[in-house]
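Chains, contacts and geometry: an overview
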Amino acid sequence: MTRQSGIGRLFHVLRAQQFDRPLLDHLCDLTTLIRKVAKTREGLNFLRSLLSHKRVMLYFTQPSTRTFLSFENACHILGVQTSEIRNPATSSEYKGESSEDAIRTFSSYVDMIVMRTNVEGLADQTARHLDETERPVPIINAGSGRDQHPTQALLDIYTLHRSFEHRGGIDGKTIAMVGDLARGRTVRSLSYLMKNYRDVKLIFIAPPSLAMRDDLKQFLDKRQIDWSEHDNLEDVVPRADAIYMTRLQDEHDVAGESRQLDLTNFTFHYRFLERLGPEAIVMHPMPRRDEIDRRVDGDPRAVYWRQARNGMWTRTSILANIFAVDDAILERL
Amino acid sequence: MTRQSGIGRLFHVLRAQQFDRPLLDHLCDLTTLIRKVAKTREGLNFLRSLLSHKRVMLYFTQPSTRTFLSFENACHILGVQTSEIRNPATSSEYKGESSEDAIRTFSSYVDMIVMRTNVEGLADQTARHLDETERPVPIINAGSGRDQHPTQALLDIYTLHRSFEHRGGIDGKTIAMVGDLARGRTVRSLSYLMKNYRDVKLIFIAPPSLAMRDDLKQFLDKRQIDWSEHDNLEDVVPRADAIYMTRLQDEHDVAGESRQLDLTNFTFHYRFLERLGPEAIVMHPMPRRDEIDRRVDGDPRAVYWRQARNGMWTRTSILANIFAVDDAILERL
Amino acid sequence: MTRQSGIGRLFHVLRAQQFDRPLLDHLCDLTTLIRKVAKTREGLNFLRSLLSHKRVMLYFTQPSTRTFLSFENACHILGVQTSEIRNPATSSEYKGESSEDAIRTFSSYVDMIVMRTNVEGLADQTARHLDETERPVPIINAGSGRDQHPTQALLDIYTLHRSFEHRGGIDGKTIAMVGDLARGRTVRSLSYLMKNYRDVKLIFIAPPSLAMRDDLKQFLDKRQIDWSEHDNLEDVVPRADAIYMTRLQDEHDVAGESRQLDLTNFTFHYRFLERLGPEAIVMHPMPRRDEIDRRVDGDPRAVYWRQARNGMWTRTSILANIFAVDDAILERL
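The rules we used
- Residues numbered from 1 in each chain as written.
- Chains lettered and ligands numbered in written order.
- Predicted model: local features only at pLDDT ≥ 70, side-chain atom pairs only at ≥ 80, totals over all residues.
- Heavy atoms only, no water.
- Least-squares fit on C-alpha atoms with pLDDT ≥ 70 in both.
- Contact = heavy atoms within 4.5 Å.
- Buried area = accessible area lost by both parts, 1.4 Å probe.
- Salt bridge = Lys/Arg side-chain N within 4 Å of Asp/Glu carboxyl O.
- Pairing = 2+ DSSP bridges.
- Helix = DSSP H or I, 4+ residues; strand = E, 2+ residues; numbered from the N terminus.
- Axes fitted to C-alpha atoms, helices over the stretch in contact; angles between N-to-C directions.
- pLDDT = per-residue confidence, 0-100.
- Polar contact = N/O pair within 3.5 Å; in protein donor to acceptor, adjacent residues only side chain to side chain.
- Nonpolar A, V, L, I, M, F, W, Y, C, P; charged D, E, K, R; others polar.
- Domains from an automatic or database assignment.

1. Comments concerning the relation of the copies chain C and chain B
Structural alignment of chain C on chain B gives an RMSD of 0.1 Å, achieved by rotating through 120 degrees and translating 0.0 Å along the axis. Expressed as a symmetry operation, the mapping of one chain copy onto the other fits a three-fold axis. For chain C, the residue whose C-alpha comes nearest the rotation axis is C:Gln81, separated from it by 5.5 Å. Mapped onto chain B, only 10% of the interface residues of chain C are again interface residues, and the two copies thus contact each other with different surfaces.

Quick look at the structure:
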């Protein structure tokens, strides 16, 4: 098997919109293949040999343990050596250095920077700045403030893709998104990516104060993607192919206003499992609180743990694509 | 040489009581063998190839630099790639996630978790929880609150085993334990493990307020292990095969009460070296304060530095056993 | 190509004065060669195989992100596995342990310690202490308080060496040093190293309160190294082969006194590029503030970014020398 012509080679990964359908399909197939190769010791050692000549810096000035570990292990799977900044207060800044200078210096030691910050737009800005230098390295946005988290969107796509593999893929599926849709970055990115699929139906289920925002609804209208709103998850359960649960993002509250909300209608209760389709799935980007009954965890349709692990595998895929070893993996088949 | 039938394969390592005599002997022999293999570049590269397909997470929410480094380097010796959490405040928790959920997510990226926490029982609880999931990984307890630190106990056993190798092993030896016996985790674990050896004599030397606790004395009586108490180290020096020194654990004081104690009788003074048997040894789990005269360091019977390094080697052994490459190491002979 | 007889093998690297001319030339040539080898995947994998049996601890109790990353990636280039202490408060100290004991314990897990502290002389002291033990490991001083930072000096030498390679090397060149010369560790170390080169002229350009200190001027006089002082960079630009810019070290101010200074005459302004010789270079140890106009960055004579990257390569060279794989690299030619 070889990569089909016309499939892109990523350099910077800055926003979910970069992924078109052929690239999404390629990355999903590559992810499945990597997982398969990784089932044996020989396969794992093969993968680890692919990028043993590369070094990546994980620049995480905004703490995010799970995204950090997911990327670091993706690097390790391909043999990439990692160095890390996990402290919001890096030593350089106290000496009055600009973060542009600091990151350019750091970039000179490595072949790629994976960047998580709470500064909106810093990943883009860094990528643009490095592009003007003698030695640009790829920047992967691993979450920048509230705007983008493209690799999270990709792992969600992969989880849907993989779950519906024997049912015609994502095309034509009904996806319910539940919870804090106004402030949830993941549901927004995923909704945008639906433009790449045919006949998808989105159902938004949120308290009025946390409803999906108008800009995204307008985007969906323009792209002729079917969407509707409901005020109670229970009614929607039987007809959803995927239910994407999210937690309340009350860290963005101005004055704790959302803590008063009654979330009963936006919770996946244990009894819902009976009404859920036999091939439907329940997703969650994690971390969760009480929006999913813990007894649901044991059901095979609860895929949120696999979804977390998929994050590592899809990131492995992205690294393989950027560093051009995806063909080597495909050829192993 | 091959592993003898009947020798266990560890999965979780949660408490010192898990180690029976055949396993202790196997791990000690394996440790000696690994150290031998590690003496050449070829040997080290062989060891590093054994687990190059494995990834381990060091989850240290309670800081412990020496245990951390010891485990990390044990991993590196076998080629295992490591990722780490060394910050008590992991990012996930602030979002209201349970530590069960957090650790389960982290576990999905790796093949094992080495866990150091100040929560008693968390390692056990995590192991039990993961056992109920689709993808359990081994948990190694690297110290959980005041209850257990099984790999420390193993390195102490190894140091005794190795030191008495040409004198019939640990069986029949007299071991003096000195200092804060009431609160020292290491002396307690080591005492429990003595049930695996024949005719060992334990001598406890501590100020009355820090005497070995009754529960352990009862355990020793039940197992018919000979023990006695003394109030002065000096008298015991000539007849001890091993003297295990410990420091005052005054961080557990309620109101600084132990800082008033006169520790002269519980200190290893320089002049004791003359009265110490020519093949006896002085141990200390480190860190130490003033309970050993620094001039003792230069004496070949002071084995506490080797003991620290043994910690790395015995942990390497445990990893090799869990991941089933001990046979490959034995076969290299 | 092989290493010439008489070229030293480093063990501890504690101060710039250790490097004599043959060793400096050897390390510079080795650095250039390593960079060449590192241009291909095969070359990088060859380098990474050289020290895959070694483990190094980065002991950084004084934060320094760029020096840390530079050393860590140097280690990774040669396949060395690293473990790190980046927290000023290591866990051991709170238990009343001496730093001597702590570092000796840490040293028992690894083959080398790279040490950055704010304690003057701690690297020397540690080296001396370990030399008296059974298992000394090399210590590299990665910056200790205000006294020494020898690998920084070496990267500066390499940058000069490489820049003047086709113009007869460093011998006979004129080097202007600009800014806070009283407190800048890098300019002091570099000045000391000039004793290894013939006919070098040093020009110090600093506000009177930050002038180069007398001890160094006396050293230069004794070694018959030509030096002079000027009060304005602009006049010196046309005749300098290298202009070494430095930032104000106002963290060492007693009462913010240097913040009042007018630094106009000690700034590299954009218009200076016209008067700068076509083969001259502008250096800076970074981080910088406003002492170089940012528009200078795009000029090929601005070598400070390459200088930062050179730091990684010269440290790779030092590791290769200490661990005796420099010959293997030379033989690859």
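Resuming the write-up.
2. Concerning the interface of chain B and chain A
Each partner contributes residues to the interface: chain B has 31 residues there, and chain A has 29 residues. When chain B packs against chain A, close to 2,700 Å² is buried across both sides, 48% of that on carbon and sulfur atoms. Viewed at the interface, chain A and chain B are joined by three salt bridges. A:Arg66 is the salt-bridge partner of B:Glu97, the closest N and O atoms lying 2.5 Å from each other.

3. Observations concerning the sheet that holds strand 5 (residues 174-178) of chain C
Where strands meet in a sheet, backbone hydrogen bonds hold them as pairs that are either parallel or antiparallel. Residue and element names in this part refer to chain C. Pairing within the open sheet is parallel, and its five strands lie in the order 7-6-5-8-9. On the outer flanks of this sheet lie strand 7 (226-230) and strand 9 (281-283), each paired with one strand and no other. When the angles between neighbouring strand axes are averaged without regard to direction, this sheet yields 20 degrees. Strand direction decides the pairing type here: strand 5 and strand 6 (residues 201-205), joined by five bridges, are parallel. Residue pairing in the sheet places Thr174 in a bridge with Lys201 of strand 6. The sheet contacts of helix 6 (residues 150-163) involve strand 5, strand 8 (242-245) and strand 9, and relative to strand 9 the element is tilted by about 170 degrees.

4. Notes on the confidence of the model for chain A
Mean pLDDT for chain A: 93, with 96% of residues reaching 70 or above. With pTM at 0.95, the complex prediction returns an ipTM value of 0.94.

5. So, the relation of the copies chain B and chain A
Least-squares fitting of chain B to chain A yields an RMSD of 0.0 Å, with the superposition described by an axial translation of 0.0 Å and a rotation of 120 degrees. When you check the interface residues of chain B against chain A, a mere 10% turn up at the interface there too, and the two sides of the contact use different surfaces.

6. What about the sheet that holds strand 9 (residues 281-283) of chain B?
All names here are of chain B. Read across the open sheet, the five strands follow the order 7-6-5-8-9; overall the sheet is parallel. Only two strands of the sheet have a single neighbouring strand rather than two, namely strand 7 (226-230) and strand 9. Strand after strand, the sheet turns through a mean of 20 degrees between neighbouring axes, direction not considered. For strand 6 (residues 201-205) and strand 7, the ladder comprises five bridges, and the chain directions are parallel. Bridge pairing in strand 7 links Ile205 to His230. Contacting strand 5 (174-178), strand 8 (242-245) and strand 9, helix 6 (residues 150-163) runs over the sheet at an angle of about 170 degrees to strand 9. Contacts from helix 8 (residues 214-222) reach strand 6 and strand 7 within the one sheet, and its direction differs from that of strand 7 by about 145 degrees.

7. Examining the interface of chain C and chain B
Residue-level contacts link 31 residues of chain C with 29 residues of chain B. Together chain C and chain B conceal approximately 2,800 Å² of surface at their shared face, both sides included; 48% is due to carbon and sulfur atoms. C:Asp101 is the salt-bridge partner of B:Arg288, the closest N and O atoms lying 2.5 Å from each other. Across the chain C-chain B interface, the total number found is twelve residue pairs in polar contact (both at pLDDT 80 or more). Here the residues of the side of chain C that touches chain B are counted per class, giving eight nonpolar, 14 polar and nine charged.

8. A closer look at the domain arrangement of chain A
Residues and elements named next belong to chain A. You can read the domains of chain A as domain 1 (16-148 + 311-331) and domain 2 (150-308). Centre-to-centre separation of domain 1 and domain 2, based on C-alpha positions: 27 Å. Facing the 29 residues of domain 1 at the interface are 24 residues of domain 2. Taking both sides of the interface into account, the surface hidden between domain 1 and domain 2 amounts to around 2,300 Å²; carbon and sulfur atoms contribute 57%. The largest share of the area that domain 1 buries against domain 2 comes from Arg21, Cys28 and Arg146, three residues that together contribute 23% of it. Viewed at the interface, domain 2 and domain 1 are joined by one salt bridge. The salt bridge involving Arg21 is made with Asp171; its shortest N-O contact spans 3.2 Å. Connecting domain 1 to domain 2 are seven residue pairs in polar contact (both at pLDDT 80 or more). Elements that contribute at least two residues to the side of domain 1 that touches domain 2 include exactly helix 1 (21-37), helix 3 (65-77), strand 4 (139-144) and helix 11 (304-322). The element contributing the most residues to the side of domain 1 that touches domain 2 is helix 1, with nine residues.

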